[in-house]
Amino acid sequence: MLKKILIIFLCLGCVVAPISFAQNVDPSIEVAEIERVQSERDRIFSALIDDPTNMDNLFQYANLSILIGDLEAAVGVFEQMLIYDNELPRIRLELGVLYYRLGAYTTAKVYLDSVKRYNPPSEVLENVEDFLGAITESEKPLKFSHVIGTSITRSSNGNSGLSADIINIAGYPFLVSPDTKQQPDMSRSLSYTMSVNHDLNHPRGDTARYIVSLSDTKQDEFNRFDLQTMVFSASRQFNLEPDENSGSLMSYVTNPTFVPAFNAFKVYLDGEGLLTSRKLSTTFSGILNGSSSVGIEVFVDYRKFLSNPSKSGRIKGFVVNNNRFIDKYGMTAQVKYGYDHHNANIDSENYDQHIFELSANKMIENDWMISSNLGFRRKKHDSGTDIFPMRRDKVLSFQISASKPISECWISNFNYRYSKSNSTVDLFNIKNNQISMDYNHVCLGR
């Protein structure tokens, strides 16, 4: 009797009470299935109270725990099974995989290596070697990834032309030349992006990331709008400890992170330097609850317009966003608000800008990811010029895209974007429709 009580106590220490569960990773099943799987897991838990050494029930309980993302519960059950029977190569493999998914690579290797001592079937041994190789790769401090992309875009306003027949300049009406009215065009682009993730081997799991990106876009008709860009980014992620008693923002979030970053880019227009940017930012983010997270970014951006120095200056601002998973619809939504102020070399180029964005994405059948974005920008300049009044812009944009992997290495994306700018200065009343097809290769360097 005492032995059975001890076994029950040990078993209850490795399985989670059926009232709730700890989610270590995202569930591998649809949201609608989680409740059913949890109910089945509760039923098996009740059976284990009466028969804690039932290996079939233990194995089933562990697998159901994996489905809902409770890997730690599965680990406890599998380790309990090894107490009852130490020669279970399949269970040792399962433990190695689970510790690998939890990021405990040293423990994962111990279990995976131990599988070989029990003459496992060849397919089990192959899996062991695959995961040992994955661990070796994961333990490398620097991980490189490369993406080559190509796209074709049709724009209803390829020359950024005007849709009006008459515009006002210095209070006088002028007829718009047909050459400056909006005209459609096709463009083709090629891009390359290399990202480096740097594991800093810090006890908190801090990481750094470096990105280099190059792109070249060619217009079929309006060659003067050909664009080339070069981008460099470097950031460091600090994983912080939550402070529940401070009363500050840190006390309201879990998994808080702090990310300082430096971003720089240069834009060429038809081969001539147009714009450079050097941006310094800091971002604080964290999880508010199981389905919501928040982020706050503060930045300063030094802009230099190479062909028009009077527009050059410094942009200061902030961005606040909230991400939320909506169970009812199985989708992720984001609300974002941003504010920035541009302090240029002349007053007429100084402005305040407010940005509002609402976006959502949802996975549907056949691995399609549908994403949408609705944006609104309101910009107000500090003053006018000798020929133009004080400028105020309102820009509305909408974008919807559908992405799908078409092979192990290729991802396709189909995109539609609409934008319309209403301005107190007629030259900036511009609207555009764009349809594009993108294909990205993600296996370079594997």
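Here, the structure is the one placed above.
Residues numbered from 1 in each chain as written. Predicted model: local features only at pLDDT ≥ 70, side-chain atom pairs only at ≥ 80, totals over all residues. Heavy atoms only, no water.

**Overview of the side chain of D185**
Condition: The helix and strand labels rest on DSSP assignments: H or I over at least four residues marks a helix, E over at least two residues marks a strand, and numbering proceeds from the N terminus. Polar contacts here mean pairs of N or O atoms no more than 3.5 Å apart (in protein, one a potential hydrogen donor and the other a potential acceptor; neighbouring residues in sequence count only if both atoms are side-chain atoms). Any two residues whose heavy atoms approach within 4.5 Å are treated as being in contact.
Within the secondary structure, D185 is located in strand β4 (residues 185–199). Looking at D185, its side chain comes within polar contact range of the main-chain nitrogen of F222, at 3.1 Å. Every residue in contact with D185, bar those within four places of it in the chain, is listed here: T153, R154, S155, G158, Q219, D220, E221 and F222.

**Considering unusual backbone geometry**
A positive phi angle is found at N255, which is not glycine, with a value near 50°. Of note, N255 is situated in strand β7 (residues 254–269).

**Brief notes about the pairing of strand β13 (residues 369–381)**
The test is simple: For two strands to pair, DSSP has to find at least two bridges joining them.
Where strand β12 (residues 351–363) and β13 come together, 13 bridges link them in antiparallel fashion. Note on β13: the bridge partner recorded for L358 is L374. Between β12 and β13, which pair antiparallel in sequence order, lie five residues; one of them, N366, sits at a positive phi of approximately 60°. With 12 bridges connecting them, β13 and strand β14 (residues 392–405) associate as antiparallel partners.

**Focus: the pairing of strand β6 (residues 227–239)**
In this sheet, β6 lies alongside strand β5 (residues 207–219) in antiparallel orientation, the contact comprising 11 bridges. Counted as the bridge partner of V212 is F232 from β6. By the bridge criterion, 11 bridges tie β6 to β7 in an arrangement that is antiparallel. Along β7, the bridge assignment pairs A234 with F262.

**What to know about the nonpolar core**
For clarity, the cut-off: Within this scheme, the nonpolar core is defined by two criteria: the residues are buried Ala, Val, Leu, Ile, Met, Phe, Trp, Tyr or Cys, and they are joined through side-chain atoms within 4.5 Å. For every residue, the accessible area obtained with a 1.4 Å probe (protein chains only) is divided by the maximum for its type, and the residue is called buried under 20%, exposed over 50%, and partly exposed between those limits.
Counting residues in hydrophobic clusters, the biggest one holds 33 residues, and the most contacted among them are F78, I91, L93, L95 and L98. Elements represented by at least two residues in this core include exactly α2 (31–50), α3 (55–67), α4 (71–84), α5 (89–101), α6 (105–115) and α7 (122–138). With seven residues, the top contributor of residues to this core is α4. Setting aside chain neighbours within four positions, we find L98 in contact with I66, L71, A74, V75 and F78.

Just distances and angles here, no functional claims.
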